[in-house]
Structures are given as C-alpha cells and as structure tokens.
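An overview of the molecular structure
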Amino acid sequence: MLTAENLCKAYRRHAVRVPVLNGLDLEVKTGEFLSIVGASGSGKSTLLHLLGTLDAPDSGRILLDGRRIDNLPSRDRDALRNRVFGYIFQFYHLLPELTTLDNVLMPAYIGHSVVGWWKARSKWRARAVELLTKVGLGHRMHHRPGQLSGGEMQRAAVARALLTSPRVLLADEPTGNLDAATGDEIVRLLRDLNREDGVTIVMVTHNLDIVTATDRVVRMVGGVVTDDTGARKPAPFHAPLLAAV
Ligand code: ADP
Ligand code: MG
C-alpha cells in the first residue's frame, strides 16, 4: 500500500552534507502494524516524515496504492496529510489552552473553511467524543492537557490522529516519553485500533520491548532497512555507518 523505493536523503550541517537515507526500500502492507527500530540518529524520524509527505526525499519515490506521492503539489500533499495520514509524536503536541475535546477537533478546524466547519461541527464533535471514549478519555474531555497525565495526553493525541479516519497512522516514538507500563497501554491501544478498525500503523521506536506487539519489525542501519524477522531479541548492535560524520 505504501512503498518507499530507493529513498535518499541528506541534511546539510554547516558546509557538511550528512547522508541519512541511502537507497532505502520499504513496503508497508495494508492493515499491518509495522515497527521500525534502530539506534538514535539512524534516520527513523526522517523516514517517517518522508512516508507522511511532511518532507521530500532528495531522490527515490514514495507510492501510495501505486501512485507517486513524494512529488505532489503542496495542495495535494495537504489533502493527503489531512485524509490519508494520521500522526502521533513523542511529545503529543497538544495545545495547552484548548480542552482535550478541542485538541482532538483540531484537524477538522484546520481542514475546513469557517462556514464549512460551522455546518459540519456537530458531526465532528460526535466523532471526537466517540474517539475520546474509545481511547478511555470520556471523563477528561473538558480538561486541559496540563491536567492530564502523560499517558492521557498521548491517548488524546491518538484520538486527534484518528479524527479524520486516516488509513495510515504514523507514530514516532509514541511511548518515548512514558514509563514502561503506560507505554505498554499505548501500544495495546494501537494494537486494538489496528486489529479492530484495520488502521495500518507504522511505528518508530527504539524500545525493543514494545515491538513484540507488532506484526513485523524492520531495523534501520546505515540508512537502509534490514528485515528483523525472528530478531525480537536485540540483534548485535551496529553503529550507524555514518555516525562519525
Ligand atoms: P532518529 O529518528 O532515528 O533518531 P533522525 O531521522 O531524527 O534519526 O535523524 C537522523 C540524522 O539526521 C541525525 O544525525 C540527525 O542529527 C540528522 N538530522 C535530522 N533532522 C535534521 C535536520 N532538520 N537538519 C539537519 N540534520 C538533521
Ligand atoms: Mg527520531
């Protein structure tokens, strides 16, 4: 469903070119829960940004259902970001002055004109309430993020990511800021969403304990991915080839 072909990406630091992805190939199948592991700095976030069209590769292609999406005009990319992809980040990115409910509604505010929003608002509110209830926050809808625990904030972020019914959820270290037990709860929630609602999930993590809940694990080393099937225990640790640059 989502395919990366021969992706290359480098950043510039001062005058130095720092290669991060070096001809990376990856295929994400419809309905799977894929985890991507790798050392810090191995390019996991970079890959996720490219898959979700938040950034563009230097070369290579990204295909969704066989159609190229990495070179779309920005209007079409905006539509994809709003309808096809949902994003979850390590630090939640909730707006502190809004209630949990309004935070979850944010993608709908952004996706509509004022008039469009006004017409559709009761539908969106009902959907937001349904999702907040689903993630176990039915009793926290009118709280602000500052009144929530880390796990609750991440649940709110999951509900927000699901508001527009995305087909693919891209999660970047979703448990990275949580204690082990709370992190497990978030992964279980993602697992349930994947199983029950068929949401395809690509989760980046450097926590090898949580990947056991996922269908498939790939590892990033030296700017490419290697299959990690059967290696649920940590494989020998490879220093990223380019760490020294
Ligand atoms: P990971 O998520 O696996 O920790 P990242 O994709 O964030 O890795 O980063 C890979 C490498 O690219 C790191 O060396 C990082 O410092 C560098 N990098 C990431 N984003 C930028 C950027 N915007 N500008 C310059 N260098 C970056
Ligand atoms: Mg990262």
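Residues numbered from 1 in each chain as written. Chains lettered and ligands numbered in written order. Predicted model: local features only at pLDDT ≥ 70, side-chain atom pairs only at ≥ 80, totals over all residues. Heavy atoms only, no water.

All residues adjacent to ligand 1 are Y11, R13, V20, A39, S40, G41, S42, G43, K44, S45 and T46. In this structure, T46 approaches ligand 1 through a side-chain N or O atom, which is 2.5 Å from an oxygen atom. Protein chains shield 63% of the accessible area of ligand 1, which is 560 Å² for the free molecule. Where the shell around ligand 1 is concerned, the elements lending two or more residues are β1 (2–13) and α1 (44–51). Broken down by element, the shell around ligand 1 gets its largest block of residues, 3 residues, from α1. (Near = heavy atom within 4 Å. Polar contact = N/O pair within 3.5 Å; in protein donor to acceptor, adjacent residues only side chain to side chain. Areas by Shrake-Rupley, 256 points an atom, 1.4 Å probe, with all protein chains shown as cover. Helix = DSSP H or I, 4+ residues; strand = E, 2+ residues; numbered from the N terminus.)

Time to look at the pattern of salt bridges. This structure, assessed with the given rule, holds 11 salt bridges. Here R167 and D65 are joined by a salt bridge, their closest N and O atoms 3.0 Å apart. Highlighted residues: R167 in the loop between α5 (150–162) and β7 (168–172) and D65 in the loop between β4 (59–64) and β5 (67–68), separated in sequence by 102 residues. Among the residues examined, D65 registers a relative accessible area of 47% and is labelled partly exposed. Note that E152 is salt-bridged to R140, the shortest N-O span being 3.3 Å. With E152 in helix α5 and R140 in the loop between α4 (114–134) and α5, this pair connects stretches of sequence that are 12 residues apart. Given the relative accessible area of 22%, R140 is considered partly exposed. (Salt bridge = Lys/Arg side-chain N within 4 Å of Asp/Glu carboxyl O. Buried < 20%, exposed > 50% of the residue type's maximum accessible area, 1.4 Å probe, protein only.)

This paragraph deals with the pairing of strand β2 (residues 16–28). In this sheet, β2 lies alongside β1 in antiparallel orientation, the contact comprising 10 bridges. Among the inter-strand pairings, R12 is bridged to a residue of β2, identified as R17. Joining the antiparallel neighbours β1 and β2 is a turn of 2 residues, in which H14 adopts a positive phi near 55°. (Pairing = 2+ DSSP bridges.)

Assigned domains within the chain: domain 1 (2–84 + 166–244) and domain 2 (95–165). For domain 1 versus domain 2, the separation of C-alpha centres amounts to 25 Å. Tallying the contact residues gives 15 residues for domain 1 and 13 residues for domain 2. The largest share of the area that domain 1 buries against domain 2 comes from N82, P166 and L189, three residues that together contribute 43% of it. Residues D197 and K134 are paired through a salt bridge, measuring 2.8 Å at the closest nitrogen-oxygen approach. Linking domain 1 with domain 2 are 4 residue pairs in polar contact (both at pLDDT 80 or more). Contributing elements (two or more residues each) for the side of domain 1 that touches domain 2: α2 (74–83) and α6 (180–197). (Domains from an automatic or database assignment. Contact = heavy atoms within 4.5 Å. Buried area = accessible area lost by both parts, 1.4 Å probe.)

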